[in-house]
Amino acid sequence: MASAPAPGAAAPAPAPPLEPLRHLAGELRLLLPRVRVGEAQESTEEFNREKFWRRLNEAALVVSHEASILTTAFSRLPLPSPQETQRICEQARVAVEAIIAVYYSLPKEQGTTLRKLVRGATLDIVDGLAQLAEVLVITPAQGPENKDLISCNSVWIACEQVAQLPRDNKAAALLMLTKSVDLVKDAHEEMERAVEECDPYSGLLNDSEEDSFGNDHRVNAADPIDAEEDALGFPNNRDVHWSREDQELITPCLALVKASKASLKKIRISVAENGKKEQVAQLDDIVEISDEISPSVDDLALSIYPPVCHLTVRISAAKLVSVLKKALEITKASHVSPQPEDSWILLLIAAIDHCMNRIKELTQRELEL
């Protein structure tokens, strides 16, 4: 009679039919870094845009089809034989390598912005199929948890998104600029809401709080627990409100974020109205610097939450101003601005300088301490 396995013994290896599936997931994971850093393949043939997009769409449909075959085969019992499993997994791997090859055929000359979007879509497909393979290894194959995971898998959505990708670098640039406008708009609205509430941590801390049993717990500075929380840096009542000086400083910060939003909108309009598809490098330069605006806005927005360090606000504002002015200068020097001395660029630069000068005035005292 066989003895029972010892406590703590290693879990048994998965059933043989699942080994190729587990191996497929591992292979797909190894492909992801290669796609992220892979360069376009050199070709002596002239690039044919229509042919490229037709091949990419067809490759995405094949991956989607293979994902459905995998799901049908491994989401119910009995599982396929080892030989059939090997064949199905090999077909899925070949389909993924095919769409990666199509991505590699997109030349750099078609634009960095466009290549980034196609690369992102390709990565989503590879990652989605890897996740699907990993989920299908889970047993029991017909378990409700497994079905829920499969239904939420993103591989089919990622394949469908390929058809929605912009077809040239100008369209890609407009898409990225639109995303940047939306991100800065959201940050500006969030800052305005915080100012209106005058207490961004409202409801998180109060001088008097009741637990679920109705017992009153008042903040006591002499309480050793409270003292320990202060030492560890937890927010207390001194940290959750803006001083009068803080509120005065927030006004030009909000104006600067508003100028950021206006700058991005005008840049996007200029690209839409005057951008030329063949001016790939200039469009890429505009998108690259514009992509830095939203993170800089976020840094400034975070710096105004209490407890406010005026020096940090000043540094964050200066960084944002530098990015904004660089974006406007690059736009002014490009083909999307037919008149180099376009009045809207000069007006925005003047508004940005005004905001920064006001921030410098309000933070000078802390700088001198």
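Not measured: the values here are computed from a predicted model.

S.K.: Please give an account of the packing of aromatic side chains that cites residues and values.
M.R.: Tallied over the full model, the rule gives 3 aromatic pairs. Taken together, a centroid distance of 5.7 Å and an interplanar angle of 50 degrees make the contact between Phe-47 and Phe-52 tilted. Taking relative accessible area as the criterion, Phe-52 reaches 2% and is therefore assigned buried. Measuring from ring centre to ring centre gives 5.5 Å for Tyr-103 and Tyr-104, while their planes differ by 40 degrees; the resulting arrangement is tilted. With relative accessibility at 13%, the residue Tyr-104 sits in the buried group. Each member of the aromatic cluster is reached from another via a ring pair, and the members are Phe-47, Phe-52 and Trp-53. Here the guanidinium or amino end of Arg-167 rests over the ring plane of Trp-53, the centre of that ring lying 4.3 Å away.

S.K.: Could you give an account of the packing of helix α9 (residues 244–274) against helix α12 (residues 310–333), with specific residues and numbers?
M.R.: Two numbers describe how α9 lies on α12: the axes approach to 11 Å, and their chain directions differ by 20 degrees. Taken together, the axes of α9 and α12 lie roughly parallel to each other. The handedness of the crossing between α9 and α12 is left-handed. Two secondary-structure elements touch here, α9 through Glu-245, Asp-246, Leu-249, Cys-253, Leu-256, Ser-260, Ser-263 and Ile-267 and α12 through His-310, Val-313, Ala-317, Leu-320, Val-321, Leu-324, Ala-327, Leu-328 and Thr-331.

S.K.: Describe in detail the side chain of Lys-170, supporting the description with residues and values.
M.R.: With respect to the helices, strands and loops of the structure, Lys-170 is situated in helix α7 (residues 169–197). Buried charged residue Lys-170 carries no salt bridge. Nearest counter-charge: Asp-168, at 7.4 Å. Within the structure, Lys-170 has its side chain in polar contact with the backbone oxygen of Gly-275 (distance 3.0 Å).

S.K.: Could you give me a rundown of the pattern of salt bridges, with the residues and numbers involved?
M.R.: Counted under the stated rule, the structure contains 11 salt bridges. In this structure, Glu-90 and Arg-93 form a salt bridge, with 2.2 Å as the shortest nitrogen-oxygen distance. A residue pair is termed a helical-turn pair when its members lie 3 or 4 positions apart in one helix, as Glu-90 and Arg-93 do in helix α3 (residues 82–104) at 3 residues. Through salt bridges with shared partners, one network takes in Arg-29, Asp-127 and Glu-134.

S.K.: How would you summarise the nonpolar core if you had to cite specific residues and measurements?
M.R.: If you look at the biggest cluster of nonpolar residues, it comprises 97 residues, and the most contacted ones within it are Leu-21, Leu-56, Leu-70, Val-118, Leu-129, Leu-256 and Ile-293. With sequence-adjacent residues up to four places away left out, Leu-21 is seen in contact with Leu-70, Phe-74, Thr-85, Cys-89, Ala-133, Leu-136 and Val-137.

S.K.: An account of the environment of Leu-56 is needed here, citing residue identities and associated values.
M.R.: With respect to the helices and strands, the residue Leu-56 is situated in helix α2 (residues 49–74). The spatial distance from the C-alpha of Leu-56 to the C-alpha of Ile-99 is 6.4 Å, given a sequence separation of 43 residues. Residues in contact with Leu-56, not counting those within four places in the same chain, are Ile-99, Val-102, Val-118, Val-162 and Leu-165.

Cut-off values and rules
- Residues numbered from 1 in each chain as written.
- Predicted model: local features only at pLDDT ≥ 70, side-chain atom pairs only at ≥ 80, totals over all residues.
- Heavy atoms only, no water.
- Phe/Tyr/Trp six-rings, centres within 6.5 Å; stacked < 30°, edge-to-face > 60°.
- Buried < 20%, exposed > 50% of the residue type's maximum accessible area, 1.4 Å probe, protein only.
- Lys NZ or Arg CZ within 6 Å of the ring centre and 35° of its normal.
- Axes fitted to C-alpha atoms, helices over the stretch in contact; angles between N-to-C directions.
- Helix = DSSP H or I, 4+ residues; strand = E, 2+ residues; numbered from the N terminus.
- Parallel < 35°, antiparallel > 145°, perpendicular 65-115°, else oblique.
- Left-handed = near helix turned anticlockwise from the far one by under 90°.
- Contact = heavy atoms within 4.5 Å.
- Lys, Arg positive; Asp, Glu negative; His and termini not counted.
- Salt bridge = Lys/Arg side-chain N within 4 Å of Asp/Glu carboxyl O.
- Polar contact = N/O pair within 3.5 Å; in protein donor to acceptor, adjacent residues only side chain to side chain.
- Core = buried A, V, L, I, M, F, W, Y, C linked by side-chain atoms within 4.5 Å.

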